[in-house]
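Residues per chain, in single letters:
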Amino acid sequence: MEIDSTTPSVARIYDYFLDGKNHYEADRAAAEQIIRAYPNVRQLATENRAFLGRAVRHMRASGVEQFLDLGTGLPATGNVHEVAGPDALVVYVDNDPVVAAHGRALLENTQAVLLQRDVRDVEAVLADAASHLDFSRPVGVLFVAILHFIPEGAHELVARFREALVPGSYLAITHGFWDEETEADPLDVYKRTNAPVTVRTRGEIRTFFGDFELVEPGLVDVSRWRPDDSEPSERLWLAAGVARRP
């Protein structure tokens with residue numbers, strides 16, 4: 001697939017926020033616009049990545065040995081297969097060709113695989129993932145900073161993934177939210193990327209979990225979900241939660 005370096009990519013913008021090297025001039029220009037509107041966005045990206053690691057560690061401690069990371073983005077410190085350990089089975093899914101190229105190179109000589117698929121094509125994703133994961137056993141499904149890039153049908157999409165999971169499986173989500181307290185809105189910049197942002201209320205985000213049971217501390221700001229540091233960061237406008245299918 002031909003790579004479009006002129007349209008900002010949310011995966012490459014995120015990589016820029018994390019001080020990665022896989023981005024083009026259009027991505028850097030868009031990222032700097034977002035930083036000017038929302039100076040804490042680099043911290044948000046870092047906290048989001050840290051939450052991913054904490055969520056995976058919690059699932060592993062709860063007996064989960066299989067993970068499906070949807071909208072994985074470019075490889076960065078603390079990839080799921082690195083946190084979960086060499087005995088875990090991990091399937092990454094992303095439709096960005098740059099992500100696919102870098103991800104597959106990283107995953108050589110590991111049990112993890114990367115599928116270049118659109119997460120909205122649920123049946124195809126599940127069918128391909130089933131070649132690597134056993135859905136008759138618990139799976140940890142990760143929607144980390146991806147659902148706010150899906151403007152329509154996001155709740156139905158997540159519900160279809162939930163239905164594929166057996167008891168003991170987990171769902172982890174981070175999702176941007178917004179309210180009138182903030183003075184600047186960075187989201188207009190995302191309208192010019194390959195995946196404009198749709199923010200939702202906490203109540204709307206909570207419904208993504210369906211009848212799964214949220215583990216403590218529930219749906220909270222991303223830096224406040226079981227922080228490793230006793231002093232969580234200031235409010236970052238990214239809700240995070242982990243829930244288990246009873």
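Description of the structure in this document. These numbers were taken from a predicted model, which means no experiment stands behind them.

**Looking at the pairing of strand β4 (residues 140–144)**
Argument step 1. Across the five residues that make up β4, a large majority, five, are buried.
Argument step 2. A two-sided burial pattern is seen for β4, the buried positions comprising Gly140, Leu142 and Val144 on one face and Val141 and Phe143 on the other.
Argument step 3. As defined by bridge partners, strand β1 (residues 66–70) adjoins β4 across three bridges and the pair is classed as parallel. Counted as the bridge partner of Phe67 is Gly140 from β4.
Argument step 4. Pairing analysis gives five bridges linking β4 to strand β5 (residues 170–176), with the strands arranged parallel. Along β5, the bridge assignment pairs Leu142 with Ala172.
Argument step 5. Tracing the backbone out of β4, into helix α7 (residues 154–163) and back to the parallel element β5 gives a crossover that is right-handed.

**Topic: the packing of aromatic side chains**
Each aromatic ring pair is characterised by the separation of its centres together with the angle its planes make.
Argument step 1. For the coordinates displayed, the defined rule picks out two aromatic pairs.
Argument step 2. Taken together, a centroid distance of 5.4 Å and an interplanar angle of 85° make the contact between Phe51 and Trp225 edge-to-face. With Phe51 in helix α3 (residues 41–61) and Trp225 in the loop between β7 (220–221) and β8 (238–244), this residue pair connects regions lying 174 residues apart in the sequence.
Argument step 3. You can call Phe51 buried: its relative accessible area is 0%.
Argument step 4. Cation over ring: Arg202 sits above Phe177, and NZ or CZ is 4.4 Å from the ring centre.

**Regarding the packing of helix α1 (residues 10–17) against helix α2 (residues 25–37)**
Argument step 1. Look at α1 against α2: their axes get within 9 Å of each other, and the N-to-C directions meet at 65°. Helix-helix and strand crossings are classified by hand; for α1 and α2 the assignment is right-handed. On α2, the residues that touch Arg12, Ile13, Tyr16 and Phe17 of α1 are Asp27, Arg28, Ala30, Ala31, Glu32, Ile34 and Ile35.
Argument step 2. Considered class by class, the residues forming the contact of α1 with α2 number seven nonpolar, no polar and four charged.

Here is what the cut-offs are and how they apply
Residues numbered from 1 in each chain as written. Predicted model: local features only at pLDDT ≥ 70, side-chain atom pairs only at ≥ 80, totals over all residues. Heavy atoms only, no water. Buried < 20%, exposed > 50% of the residue type's maximum accessible area, 1.4 Å probe, protein only. Helix = DSSP H or I, 4+ residues; strand = E, 2+ residues; numbered from the N terminus. Pairing = 2+ DSSP bridges. Right-handed = clockwise from strand over helix to strand, strands pointing away. Phe/Tyr/Trp six-rings, centres within 6.5 Å; stacked < 30°, edge-to-face > 60°. Lys NZ or Arg CZ within 6 Å of the ring centre and 35° of its normal. Axes fitted to C-alpha atoms, helices over the stretch in contact; angles between N-to-C directions. Left-handed = near helix turned anticlockwise from the far one by under 90°. Contact = heavy atoms within 4.5 Å. Nonpolar A, V, L, I, M, F, W, Y, C, P; charged D, E, K, R; others polar.

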